[in-house]
Amino acid sequence: MVKKLDITQGLPDPSKVMDEILAKYPTKIARKRQKSLVINEPGEGKEIQANVRTIPGIITQRGCTYAGCKGVILGPTRDVINLVHGPIGCSFYAWLTRRNQTRPAEGEDNFITYSFSTDIQDSNIVFGGEAKLKDAVREAFEIFKPKAIGIFSTCPVGLIGDDVHAVSREMKEELGINIFGFSCEGYRGVSQSAGHHIANNGIFKNVIGNNNKDRIGKFQINLLGEYNIGGDAFELERLFDEAGITLLSTFSGNSTIESMEYSHTADLNLIMCHRSINYIAEMMEEKYGIPWVKVSFIGAEGTTKALRKVAEYFDDAKLSAKVEEIIEREMKKVEVVRKAVKAKTEGKLAMMFVGGSRAHHYQDLFKEIGVTTVSAGYEFAHRDDYEGRDVIPSIKIDADTRNIEDLTVEKDIELYREDLAVKKEKLLKSGYEFSNYDGMMPEMKKNSLVIDDINHWETEKLIEYYKPDLFCAGIKEKYVVQKSGVPLKQLHSYDYGGPYAGYEGAINFYLEMERMLCTRIWKMVTTPWKTDPEIVGSFAINE
Amino acid sequence: MLLNHTTSKIVERKALTVNPAKTCQPIGAMYAALGIHGCLPHSHGSQGCCSYHRSTLTRHYKEPVMAATSSFTEGACVFGGQSNLLQAITNIFTIYEPDIIAVHSTCLSETIGDDLSQIVGKAASEGQIPEGKHVIQAPTPSYVGSHVTGYANMVEGIVKYFAKKSDELKNQLNILSGWVEPSDMRELKRMLKLMKVKNVLLPDTSDVLDSPMTGKFEMYPKGGTTIPEMVSMGDSLHTIALGEWATEKAAITLDNQCKVKFSMTDLPIGIQATDRFIQAIAKAGSVSVPESINDERGRLVDVITDMHQYLYGKRVALWGDPDQLIPLAEFLVDMDMKPVYIVSGTPGKNFNKRMEEILGESVPEAKYKNGANADMLLMHQWIKENPVDLLIGNTYGKYISRDENIPFVRMGFPIIDRIGHSYFPTLGYMGGLRILEKILSALMDKQDATCPEESFELVM
């Protein structure tokens, strides 16, 4: 066994391992990667390179724009037919694979279990696929009678110039239901992130604001960037429900297009995954005057903070009392498990490279059980996700980002909530924080290694250097890391467990960490005859 | 109901595919390339394809699946992907040090007209491919055929590049293994060993996608067909190609290129297809069939006779790849079961002909369809019209199984919610025994769970 990294005097300076990593690369690549590997120094305003093109030939964690748009943002919404215009694979791979759970009421539509595709063939590439797309829309309407259809462009249809927006308009006219398109070809942008932006724009233009429903609750909120992996949203719905807070719409876990249509009647937007959905929050504030706050419901303390933040916003004594009652009751349950688990997990080391917010949020859960995150990074983040939103004005806009449409949003004269704007001004004066996200780096320890868009080679070297007790990433990394003798927790699919959000989620996660960090099987990887002097036979019974 | 929008009313569709019974070419090329020793697959297109293919293969095998990508952005689509691929080749050989890079195209690089052989040729002439290293390639446009086509194209690409004819005839057979599991590759090798026939199995994913836990990650595990083996294929006595869809192309190429004649035979699933396989080997290798093989066959036949009452007349729905569905349907008919509904998204005109031969007289009510629109929605609608007793296919059948309360045996690709497929073969007589055991267990579990208490049996 290699001696474990000693962090009792703080995290060691990882310059040496960084140099070793870079030494393997061709010079130009080394120069580029160097800017994406940062030794953290909180408060020093260190800059990280993010949201730049993946280097060809590098084994990356990243996916494509289509995956971000269809798979992540629209995928979890149950009452819309997500029709993929392209070859069969694109729709096939996004079919139920993200573990978004949903709970339709009796008789409600749920299309999540279906995969819809135009399955374009070479003749469509030559002669165009719009006619086939129109037929597919008609057939989907005839068979399934959906309220809405979203159409997603894939690489080849973008190249041949099929216009999904024109087809959507025409079909909307013909069939009388909401039909809208997304130009989310896989080659756009540099990662899934571009797809998130495109999806945000599409939902904002085509869905939000379609239904000016009357108020249904005293305190109405939307939850943005929550995708209901492993039932996270159910746990949060439970908490809001008990507190008397009306969750109008979630974007987009356990969600419906119908609820998104009246989501603009909310009083407050909560953002969980900043990277995937901050665009909608910004646009809703500009158009409707709904303020947004960044929260995290990952971790018991985070959940408490978020609930209090919502209560403080609404400034209602009864609500605050109810929220405090929930916190007290839930924290009691959490503490019992946390203490028991922490005794076994304290001092362990974790690394995490996932998505565009989880690599940050899950550090809170680890902290609660005494696990230190020595290195972390995002798959498809931008600089603000690392350094905080203050740096947004200084982010250079490159050609790949410029290719993604930025909507010009104007105040809706009739629906703009002046009352909320006034409320926001008042709360700002009292020190309440709106429209802000500090990012991941300020919250990480000095000398922790922050890496954007980590690749396979860097992963291997880091494991060798840190010998972490746990690695968090996705399915493509899982068995690679585990073959090295390090358990990996998937933070995209939760390894088919969960929920991990809210209080119940925190308890689940603590117990899961106890299981993973204390399991016996890793100790059995080496054969006994390897360490207990190797037996070399000199006599054989058989020939 | 998880598929509550599926009704028995079948609307004629010409454009919409719902719940496909196939996926796209590059994933097949990636799987085939993993069966060569020291090879890193490379996807030439935007990075999402590679990510999806790696994820799906990983979920199926629960093993590391390494592959690189050209990571196209819009610029590459406009100016062509040449510079991306050239840069990728240099980076891959420098950083990951494989012996072979197996490049396959995607619908994106195909649509813009990238010529892989020209680009790879340029890399070679500019000295970007180190001495003793290789870059092979296969065209895999996703809008043609299916994942099986991609597999076939890569296997063809492999033999085209490596197989050489020398003056010396080698006393060995080429076995083109078709898209089967690592466990099946291992089983093929075991059967050939029993028959004492020297062979080259291509590709061979055993010891690659079923590798042991040692505490050390191997980027290139010990398994896979080696370069000398692949080169020697041009000097073999004969080629046995298993499954027309996956291997015929490569077999023809070997014949044209190196004059190695081939026999096309079905994947050895069930009794008769395994019989034909064994006979083909015996004939091509000029060996007699050993007693141990007769014993294995006899055991399978014996168990079927013992359990026939549970099998007789049972209606079965199947979906998957033609190479598997054809011998599987035949096996079911041999056990007097009725494969009544069969769909495969993979096109190919021989599908209907073969199914007609197998089912025409025995199961005249059978419905089967392949190619465009032969999807799982259609199969589910057939089931709604007239139910079946058993489902056999990949993981995606679990929704139908639950909704309709039909026992379900997982076979095919992908299986992402159970294990076993990569460790226990379904090929050969021993594989037949495993299929049989799974079918019986599924049927009997249902009987046990649903029968009235007074008919609950201890002995079955």
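- If you look chain B up in an unreviewed UniProt entry, it shows as Nitrogenase molybdenum-iron protein beta chain from Labilibaculum antarcticum.
- Per UniProt, chain B has the following entry under Subunit (unreviewed entry): "Tetramer of two alpha and two beta chains. Forms complex with the iron protein (nitrogenase component 2)."
- In its Function (unreviewed entry) section, UniProt records this for chain B: "This molybdenum-iron protein is part of the nitrogenase complex that catalyzes the key enzymatic reactions in nitrogen fixation."

- Under an unreviewed UniProt entry, the name given to chain A is Nitrogenase protein alpha chain, and the source organism is Labilibaculum antarcticum.
- What the UniProt record of chain A gives under Catalytic activity (unreviewed entry) is the line "N2 + 8 reduced [2Fe-2S]-[ferredoxin] + 16 ATP + 16 H2O = H2 + 8 oxidized [2Fe-2S]-[ferredoxin] + 2 NH4(+) + 16 ADP + 16 phosphate + 6 H(+)".
- Annotation of chain A in UniProt includes, under Subunit (unreviewed entry), the sentence "Tetramer of two alpha and two beta chains. Forms complex with the iron protein (nitrogenase component 2)."

1. Observations regarding the overall build of chain B
Part 1: Counting secondary structure elements, chain B contains 17 helices and 14 strands.
Part 2: Computed over the C-alpha atoms, the radius of gyration of chain B is 23 Å, within 12% of the 23 Å expected from 2.2 N^0.38 for a compact globule of 460 residues.
Part 3: When the backbone C-alpha atoms are referred to their principal axes, chain B occupies close to 80 × 55 × 45 Å.
Part 4: For chain B, the share of sequence-separated contacts (at least 6 apart) that also reach a separation of at least 24 residues comes to 75%.
Part 5: Within the structure as shown, chain B displays about 16,600 Å² of accessible surface, and the carbon and sulfur contribution to it stands at 51%.

2. Observations concerning the environment of A:Glu368
All names here are of chain A.
Part 1: Residue position: Glu368 is located in helix α15 (residues 358-368).
Part 2: Glu368 has contacts with Gly299, Ala300, Glu301, Gly302, Arg338, Lys342 and Tyr510, leaving out every residue within four places of it along the chain.
Part 3: At 3.1 Å, the side chain of Glu368 forms a polar contact with the backbone nitrogen of Ala300.

3. Section: the pairing of strand β6 (residues 173-176) of chain B
Residue and element names in this part refer to chain B.
Part 1: Alternating positions in β6 separate into two faces, Leu173 and Ile175 on one and Asn174 and Leu176 on the other, with burial throughout.
Part 2: Looking at chain direction, β6 and strand β7 (residues 199-202) are connected through 4 bridges and run parallel. Looking across to β7, one finds that Leu176 is bridged to Leu202.
Part 3: Relative to strand β8 (residues 238-242), β6 runs parallel, the two sharing 4 bridges. The residue of β8 that forms the bridge with Leu173 is His238.

4. Here we look at the sheet that holds β8(B)
Residues and elements named next belong to chain B.
Part 1: Reading across the sheet, the 4 strands line up as β7-β6-β8-β9 and stay open at both edges, with parallel pairing between neighbours. Both outer strands of the open sheet, β7 and β9 (262-265), are each paired with one neighbouring strand and no more. This sheet shows a mean twist of 15° between the axes of neighbouring strands, independent of strand direction.
Part 2: Alignment of β8 against β9, held across 4 bridges, turns out to be parallel. If you follow Ala241 over to β9, its bridge partner there is Met264.

5. Some thoughts on the UniProt feature "domain: Nitrogenase/oxidoreductase component" (unreviewed entry) in chain A
Part 1: The UniProt entry lists residues 64-514 of chain A under the feature "domain: Nitrogenase/oxidoreductase component" (unreviewed entry), expressed in the numbering used here.
Part 2: Structurally, residues 64-514 of chain A is divided into 47% helix and 14% strand, and its ends, taken at the C-alpha atoms, are 34 Å apart.

6. What to know about the layout of surface pockets
Part 1: Quantified by volume, the second largest pocket comes out at close to 1,400 Å³.
Part 2: Forming the walls of the second largest pocket are 39 residues, and the residues nearest its centre are A:Lys467, A:Ser484, A:Gly485, A:Val486 and B:Gly215.
Part 3: Of all the elements in the fold, those that place two or more residues in the lining of the second largest pocket are α19 (456-466) and α21 (502-518) of chain A.
Part 4: When residues in the lining of the second largest pocket are grouped by element, the largest group, 6 residues, is from α19(A).
Part 5: Its residues assigned to classes, the lining of the second largest pocket comprises 17 nonpolar, 8 polar and 14 charged.
Part 6: Looking at which domains feed residues into the lining of the second largest pocket, each of domain 1 (25-162) and domain 2 (173-291) of chain B supplies at least three.

7. Side note on the domain arrangement of chain B
Residue and element names in this part refer to chain B.
Part 1: Splitting chain B by domain gives domain 1 (25-162), domain 2 (173-291) and domain 3 (292-453).
Part 2: Using C-alpha coordinates to define each centre, domain 1 is positioned 34 Å away from domain 3.
Part 3: Surface buried jointly by domain 1 and domain 3 totals about 970 Å² across both partners, of which 65% is contributed by carbon and sulfur atoms.
Part 4: Run the count over domain 1 and domain 3 and you get 0 salt bridges.
Part 5: The tally of links from domain 1 across to domain 3 stands at 4 residue pairs in polar contact (both at pLDDT 80 or more).
Part 6: If you list the elements that add at least two residues to the side of domain 1 that touches domain 3, you get α2 (47-61) and α7 (147-162).
Part 7: By residue number, the principal contributor to the side of domain 1 that touches domain 3 is α2, which donates 5 residues.
Part 8: Across the side of domain 1 that touches domain 3, the residue classes break down as 4 nonpolar, 5 polar and 3 charged.

8. Focus: the sheet that holds strand β5 (residues 178-182) of chain A
Part 1: If you trace the 5 strands from one edge of the open sheet to the other, you get β5(A)-β4(A)-β2(A)-β3(A)-β1(B), paired in mixed fashion. The sheet terminates laterally at β5 of chain A together with β1 (17-18) of chain B, the two strands that pair on one side only.
Part 2: Two elements, strand β3 (residues 116-117) of chain A and β1(B), share 2 bridges in a ladder whose sense is antiparallel. Bridge pairing in β1(B) links A:Phe116 to B:Val18.
Part 3: Sitting on the sheet, helix α3 (residues 65-74) of chain A touches β2 (80-85), β4 (148-153) and β5 of chain A, and the angle it makes with β4(A) is about 155°.

9. As for the interface of chain A and chain B
Part 1: Opposite the 77 residues of chain A that make contact, chain B presents 74 residues.
Part 2: Summed over both partners, the interface of chain A with chain B comes to about 6,800 Å²; 63% of that surface belongs to carbon and sulfur atoms.
Part 3: On inspection of chain A and its partner chain B, the count reaches 5 salt bridges.
Part 4: Here A:Lys24 makes a salt bridge to B:Glu97, at a shortest N to O gap of 2.3 Å.
Part 5: Where chain A packs against chain B, one counts 33 residue pairs in polar contact (both at pLDDT 80 or more).

10. Overview of helix α10 (residues 244-258) of chain B
All names here are of chain B.
Part 1: Counted at 1.5 Å a residue, the expected span for α10 with its 15 residues is 21 Å, and the 20 Å between its end C-alpha atoms agrees.
Part 2: Those residues of α10 that fall on the buried side of the exposure criterion are Trp245, Ala246, Thr247, Ala250, Ala251, Thr253, Leu254, Asp255 and Cys258.
Part 3: The elements touched by buried residues of α10 are α7, β6, β8, β9, α13 (322-334) and α14 (350-359).
Part 4: Lys259 sits one or two positions beyond α10 and adopts a positive phi of about 60°.

11. Quick look at the pairing of strand β10 (residues 315-319) of chain B
Residue and element names in this part refer to chain B.
Part 1: Burial runs high along β10: 5 of the 5 residues are buried.
Part 2: Of the two faces of β10, the one carrying Arg315, Ala317 and Trp319 and the one carrying Val316 and Leu318 are both buried.
Part 3: The pairing of β10 with strand β11 (residues 338-344) spans 5 bridges and is parallel. Across the sheet, residue Leu318 finds its bridge partner in β11, namely Ile342.
Part 4: Crossover handedness for the path β10 to α13 to β11: right-handed.

12. Some remarks on the packing of helix α1 (residues 25-34) of chain B against α2(B)
All names here are of chain B.
Part 1: The contact between α1 and α2 brings their axes to 10 Å, and the two run at 60°. The pairing of α1 with α2 is recorded here as oblique in orientation. In the crossing of α1 with α2, the sense of the turn from one axis to the other is right-handed. Along its contact with α1, which presents Pro26, Ile27, Met30, Tyr31 and Leu34, the element α2 presents Cys50, His53, Arg54, Thr56, Leu57 and Tyr61.
Part 2: Along the lines of polarity and charge, the residues of the contact of α1 with α2 split into 8 nonpolar, 2 polar and 1 charged.

13. So, empty space enclosed by the protein
A probe matching the size of a water molecule, rolled over the atoms, marks out where space remains unfilled.
Part 1: Scanning all chains against the criterion turns up 11 cavities of 30 Å³ or more.
Part 2: Computed from the structure, the largest cavity encloses a volume of approximately 150 Å³.
Part 3: Lining the largest cavity are 19 residues, with A:Cys64, A:Cys90, B:Gly48, B:Cys49 and B:Tyr52 sitting closest to its centre.
Part 4: Secondary structure elements with two or more residues in the lining of the largest cavity: α4 (88-93) of chain A together with α2 of chain B.
Part 5: Reported here for the second largest cavity is a volume of approximately 90 Å³.
Part 6: Every element with two or more residues in the lining of the second largest cavity is listed here: α19 and α20 (475-483) of chain A.
Part 7: Per-element accounting of the lining of the second largest cavity gives the leading share, 4 residues, to α20(A).

Analysis parameters
Residues numbered from 1 in each chain as written. Chains lettered and ligands numbered in written order. Predicted model: local features only at pLDDT ≥ 70, side-chain atom pairs only at ≥ 80, totals over all residues. Heavy atoms only, no water. UniProt positions renumbered as here; feature names shortened; annotations may be inferred. Helix = DSSP H or I, 4+ residues; strand = E, 2+ residues; numbered from the N terminus. Rg over C-alpha atoms; globule rule 2.2 N^0.38 Å. Contact = heavy atoms within 4.5 Å. Areas by Shrake-Rupley, 256 points an atom, 1.4 Å probe, with all protein chains shown as cover. Polar contact = N/O pair within 3.5 Å; in protein donor to acceptor, adjacent residues only side chain to side chain. Buried < 20%, exposed > 50% of the residue type's maximum accessible area, 1.4 Å probe, protein only. Pairing = 2+ DSSP bridges. Axes fitted to C-alpha atoms, helices over the stretch in contact; angles between N-to-C directions. 1 Å grid on protein atoms, 1.4 Å probe; cavity = no way out; pocket = protein on both sides within 12 Å on 5 of 7 lines; lining within 4 Å. Points joined across faces, edges and corners; volume = space filled by probe spheres on them. Nonpolar A, V, L, I, M, F, W, Y, C, P; charged D, E, K, R; others polar. Domains from an automatic or database assignment. Buried area = accessible area lost by both parts, 1.4 Å probe. Salt bridge = Lys/Arg side-chain N within 4 Å of Asp/Glu carboxyl O. Expected span 1.5 Å × (residues − 1). Right-handed = clockwise from strand over helix to strand, strands pointing away. Parallel < 35°, antiparallel > 145°, perpendicular 65-115°, else oblique. Left-handed = near helix turned anticlockwise from the far one by under 90°.

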